[in-house]
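Topology and contacts: notes
Spelled out from the first residue to the last, the chains are:
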Amino acid sequence: MDEANTEAVLQITIDCADPARLVAFWAEALGYVPEPPPGGHATWREYWMSRGVPDDELPEGAGETAESIVPPSGVGPRVWFQQVPESKVVKNRVHLDLEVGGGREVPPAVRRERITAKVDRLTAAGATVSRVMDGPDTDYFGIVLQDPEGNEFCVG
């Protein structure tokens, strides 16, 4: 097989301080589920160690709970929450957009209702609203939020 034409597999990696907290939040946000450890292993740490990852390369507590989420349908990218020692300092250069409104074919009032309902669920799960995008001269409505660790994302 020509390596230049090898299909890439997309994984989204989010650096964070508390993977378990973000697994719970983003599973709720995306309708994903925590990824179970493979091969009948009790934890991801047990799995990684069975694959030869040295204990000193695993931060304390790493892999004791799920640190990634996957779509239950199997269609869509895996999201891994990688524990890092430094905190978030500046605005994200890449962010996620959750499109829940249904697009411009859906009446604006219905889109607004869907978006607001999703934002209400996400703020109850730990998100904070940063700003509302609701231009008077456009039929666009969206809300910028931050997850529990301050990562920006949009709901539109």
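Just so you know, these numbers come straight off a predicted model, no measurement behind them.

Each value, and the rule that gives it
Residues numbered from 1 in each chain as written. Predicted model: local features only at pLDDT ≥ 70, side-chain atom pairs only at ≥ 80, totals over all residues. Heavy atoms only, no water. Salt bridge = Lys/Arg side-chain N within 4 Å of Asp/Glu carboxyl O. Helix = DSSP H or I, 4+ residues; strand = E, 2+ residues; numbered from the N terminus. Buried < 20%, exposed > 50% of the residue type's maximum accessible area, 1.4 Å probe, protein only. pLDDT = per-residue confidence, 0-100.

1. Points about the pattern of salt bridges
If you walk through the whole model with that rule in mind, you get five salt bridges. For Glu35, the salt bridge is made with Arg78, and the minimal N-O distance between the two is 2.5 Å. Here the residue Glu35 occupies a position in the loop between strand S2 (33–34) and helix H2 (44–50), and Arg78 occupies one in strand S4 (residues 78–83), the gap between them amounting to 43 residues. Classification of Arg78 by relative accessible area gives partly exposed; the value is 22%. We note a salt bridge from Asp134 to Arg112, for which the minimum N-O separation is 2.9 Å. Of this pair, Asp134 sits in the loop between strand S6 (128–133) and strand S7 (142–146) while Arg112 sits in helix H3 (residues 108–124), placing them 22 residues apart in sequence. For Asp134, a relative accessible area of 38% corresponds to the partly exposed category. Residue classification places Arg112 among the partly exposed positions, given a relative accessible area of 35%. When salt bridges with common partners are traced through the structure, they connect Arg45, Asp55 and Glu64 into a single cluster.

2. A short note on the confidence of the model for the protein chain
Per-residue confidence for the protein chain gives a mean pLDDT of 90, with 96% of residues at or over 70. The element-level mean pLDDT for the protein chain is lowest in H2, coming to 90, with S2 highest at 98.

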